[in-house]
Protein chains: 2
Amino acid sequence: MRVLVIYAHPLADSFAAALHRAVVEALGEAGHEVDDCDLYAMGFDPVMTAAERRAHNTPHPDLSAVEHHVARLRGADALVLCFPVWWYGMPAILKGYFDRVWVNGVAFHLRAGGKIEPGLHRLKKLWVVCTYGAPWWLIKLVLRDPVRGVIHTGIRGLCTRHVKSRIFALYGIEAKTRVETARFLEKVRRGFARF
Amino acid sequence: MRVLVIYAHPLADSFAAALHRAVVEALGEAGHEVDDCDLYAMGFDPVMTAAERRAHNTPHPDLSAVEHHVARLRGADALVLCFPVWWYGMPAILKGYFDRVWVNGVAFHLRAGGKIEPGLHRLKKLWVVCTYGAPWWLIKLVLRDPVRGVIHTGIRGLCTRHVKSRIFALYGIEAKTRVETARFLEKVRRGFARF
């Protein structure tokens, strides 16, 4: 499969970077074609422009600045998101990737009357690897897991009906021991070896 | 009161812009001192830098690039957020305002052992004005309102215990008539006149 990996963290020596490397290596070893998209490394600008906003929700979205991202997304059989959760959501650079690239005419089609049809029929798998500073009970019981909700409902519901998704999440990362983070890294590596 | 208004939309002729103007006018007429922060107009860069990330969660956060935003936040008695909800969350430019400005040492204090103490004791009020493309049932029943959860739990729980919050939300904006949007605008204006 052609797997688009979207990664968002500024530091090469971070745990997120280690997770990203494990994902890319395991996918490659399993024989997949990896399209590795490191948003920080490429200096992705996440701010939707005025021109893009004006063309938003029209039949002619302005994709001029994000054309290669659109092509990579359309060419993907599977998608992997790898990021740390900051302020209970995606880092701004990743949030803006969705704002600018996952628009009407690409990710979904907004029909007359407000009906929405999926736009990413080729996508068969969506796997997410993320780390939280907050403990699991705050995310799951109090906040009811906003990242999971957005990814499941948004991507699965809007863009592609038949995608199989899986989320690898490490909660309370600041309080974890080296052994615990190493165990999570290994779990991710083994998981992606069977992607 | 000194009210910091954080606004995020690229178009001056948008409904979000009309809401922003109504908020600023009503606050001014009610005698408040308005510190109007238009993130798009000032070209705010929402991408947390490598240096900022490295200093994150240390006793010495790197605030060099966002010092004036930190000062404005610390000087505020009340906060207003005015934005459209894109992809079930804040626009990237606003998400990154939280990522970069609302950090340890400013919005909260991360103590040894992982305990978190509020950092914004001066904040007494938090009002939010937002618009959704999605209908209310999807946001509230399916997604369980991720924006509300993040704002209530994150800001109220982490940064200031005694803040009074109110959210003005217009759902399913694409399907609303002019009369309905005008009614919402008027509701916001009347609300902020009694801020």
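Our subject is the structure listed above.
Calculation rules
The residue numbering used here restarts from 1 in each chain and proceeds along that chain's sequence as written. Chains and ligands are labelled by the order in which they are written, letters from A for the one and numbers from 1 for the other. Restriction of local features to residues with pLDDT of at least 70 applies here, the model being predicted, together with a cutoff of 80 or more for giving and counting side-chain atom pairs; totals for whole chains, interfaces and linings are based on all residues. Side-chain descriptors were evaluated using all non-hydrogen atoms of the structure, hydrogens and water having been removed beforehand. Here, strands pair whenever DSSP counts at least two bridges between them. Each helix corresponds to a stretch of at least 4 residues labelled H or I by DSSP, and each strand to a stretch of at least 2 residues labelled E; elements are numbered beginning at the N terminus. Note on geometry: axes are lines fitted to C-alpha atoms, helical ones only across the stretch in contact, with angles between N-to-C directions running from 0 to 180 degrees. Partly exposed describes any residue whose relative accessible area lies between the buried limit of under 20% and the exposed limit of over 50%, with all areas from a 1.4 Å probe on protein chains only and scaled to the type maximum. Any two residues whose heavy atoms approach within 4.5 Å at even a single point are treated as in contact. Salt bridge criterion: a side-chain nitrogen from Lys or Arg within 4 Å of a carboxyl oxygen from Asp or Glu. Aromatic rings from Phe, Tyr and Trp, with only the six-membered ring used for Trp, were paired whenever their centres fell within 6.5 Å, and each pair was classed as stacked if the ring planes differed by under 30 degrees, edge-to-face if by over 60, and tilted otherwise. Two conditions define a charge located above a ring, namely a distance within 6 Å from the ring centre to NZ of Lys or CZ of Arg, and an angle within 35 degrees of the ring normal. A least-squares fit on C-alpha atoms brings the copies together, and the residues used are those whose pLDDT is at least 70 in both copies. Simply put, the buried area is the total loss of 1.4 Å probe accessible area from both parts when two parts are fitted together. Contacts described as polar in this section are N or O atom pairs within 3.5 Å, which, within protein, must combine one atom able to donate a hydrogen with one able to accept it, while residues neighboring in sequence count only if both atoms come from side chains. Under the convention adopted here, Pro, Cys and the residues Ala, Val, Leu, Ile, Met, Phe, Trp and Tyr are nonpolar, Asp, Glu, Lys and Arg are charged, and Gly plus all remaining residues are polar.

### Comments concerning the sheet that holds strand 1 (residues 2-7) of chain A
All names here are of chain A. Read across the sheet, 5 strands follow the order 2-1-3-6-7 without closing on themselves; strand pairing throughout is parallel. Strands at the two margins of the open sheet, each flanked by one partner only, are strand 2 (33-38) and strand 7 (164-170). Between one strand axis and the next, the sheet turns through 15° on average, direction left out of account. Sheet topology places strand 3 (residues 78-85) next to strand 6 (residues 125-132); 8 bridges connect them, and they run parallel.

### Let's talk about the side chain of B:Thr131
Residues and elements named next belong to chain B. Structurally, Thr 131 is set in strand 6 (residues 125-132). Using a relative accessible area of 7% as the deciding quantity, one classes Thr 131 as buried. Other than its neighbours up to four places away in sequence, Thr 131 contacts Phe 15, Leu 19, Phe 83, Pro 84, Val 85, Leu 170 and Ile 173.

### Things to note about the pattern of salt bridges
Applying the stated criterion to the full structure yields 19 salt bridges over all chains. Through salt bridges that share partners, A:Glu25, A:Glu186 and A:Arg189 make up one connected network.

### Some thoughts on the packing of aromatic side chains
Following the criterion strictly, the structure yields 26 aromatic pairs over all chains and no others. With a centroid separation of 5.3 Å and 55° between ring planes, the pair formed by A:Phe98 and B:Trp87 is classed as tilted. One end of the pair, A:Phe98, is in helix 4 (residues 92-101); the other, B:Trp87, is in the loop between strand 3 (78-85) and helix 4 (92-101), on a second chain. Across the pair, exposure class does not vary: A:Phe98 and B:Trp87 are buried alike. Taking 5.7 Å as the distance between ring centres and 5° as the angle between the ring planes, the aromatic pair formed by A:Phe192 and A:Phe195 counts as stacked. Under the relative-accessibility criterion, A:Phe192 is labelled buried at 0%. Following the ring pairs from residue to residue traces out a cluster consisting of A:Phe44, A:Tyr97, A:Phe98, A:Trp102, B:Trp87 and B:Tyr88. Sitting above the plane of the A:Phe195 ring, A:Lys125 keeps its charged end 4.6 Å from the centroid. Sitting above the plane of the B:Trp127 ring, B:Arg166 keeps its charged end 5.2 Å from the centroid.

### Here we look at the relation of the copies chain B and chain A
Once chain B is rotated about the relating axis by 180° and shifted along it by 0.0 Å, it coincides with chain A to within an RMSD of 0.0 Å. Look at the turn and shift together and you get a two-fold axis relating the two. When you check the interface residues of chain B against chain A, 100% turn up at the interface there too, and the contact is symmetric in its surfaces.

### Some details on the interface of chain B and chain A
Where interface size is given, it is often the accessible area lost as the parts come together that is meant. Of the residues lining the interface, 40 residues belong to chain B; the matching set on chain A comes to 40 residues. The contact between chain B and chain A buries some 3400 Å² in all, and 69% of this surface belongs to carbon and sulfur atoms. By the criterion of area lost to chain A, the three top residues of chain B are B:Arg53, B:Trp86 and B:Trp87, representing 22% of everything that side buries. The partner of B:Asp13 in a salt bridge is A:Arg54, and the shortest N-O contact between them spans 3.0 Å. Counting every contact that joins chain B to chain A gives 16 residue pairs in polar contact (both at pLDDT 80 or more). Looking at the side of chain B that touches chain A, the elements with two or more residues in it are helix 2 (50-55), helix 4, helix 5 (136-142) and helix 6 (146-159) of chain B. Considering each element in turn, the side of chain B that touches chain A owes the most residues, 8 residues, to helix 6 of chain B. A class-by-class count of the residues in the side of chain B that touches chain A yields 25 nonpolar, 8 polar and 7 charged.

### Focus on the environment of B:Arg190
All names here are of chain B. Relative to the helices and strands, Arg 190 resides in helix 7 (residues 178-193). Taking relative accessible area as the criterion, Arg 190 reaches 46% and is therefore assigned partly exposed. Along the chain, Arg 190 and Gly 113 lie 77 residues apart, while their C-alpha atoms are 45 Å from each other.

### Some thoughts on unusual backbone geometry
Within the chain, A:Trp87 stands out as a residue other than glycine whose phi angle is a positive 50°. Positive phi is not limited to glycine here, since B:Tyr88 has a value of about 60°. For B:Tyr88, the position within the fold is in the loop between strand 3 and helix 4.

### Things to note about the environment of A:Arg156
All names here are of chain A. Looking at the secondary structure, you find Arg 156 in helix 6 (residues 146-159). Overall, Arg 156 belongs to the partly exposed group, its relative accessible area being 31%. In sequence terms Arg 156 and Arg 100 are 56 residues apart; their C-alpha atoms lie 18 Å from each other. Arg 156 has contacts with Ile 151, Arg 161, Val 163 and Ser 165, leaving out every residue within four places of it along the chain.

### A short note on the sheet that holds strand 6 of chain B
Where strands meet in a sheet, backbone hydrogen bonds hold them as pairs that are either parallel or antiparallel. Residue and element names in this part refer to chain B. Reading across the sheet, the 5 strands line up as 2-1-3-6-7 and stay open at both edges, with parallel pairing between neighbours. The open sheet has two edge strands with one neighbour each: strand 2 (33-38) and strand 7 (164-170). Recorded for the sheet is a direction-independent mean angle of 15° between the axes of neighbouring strands. Pairing analysis gives 7 bridges linking strand 6 to strand 7, with the strands arranged parallel. Across the sheet, the residue bridging to Cys 130 is Ala 169, located in strand 7.

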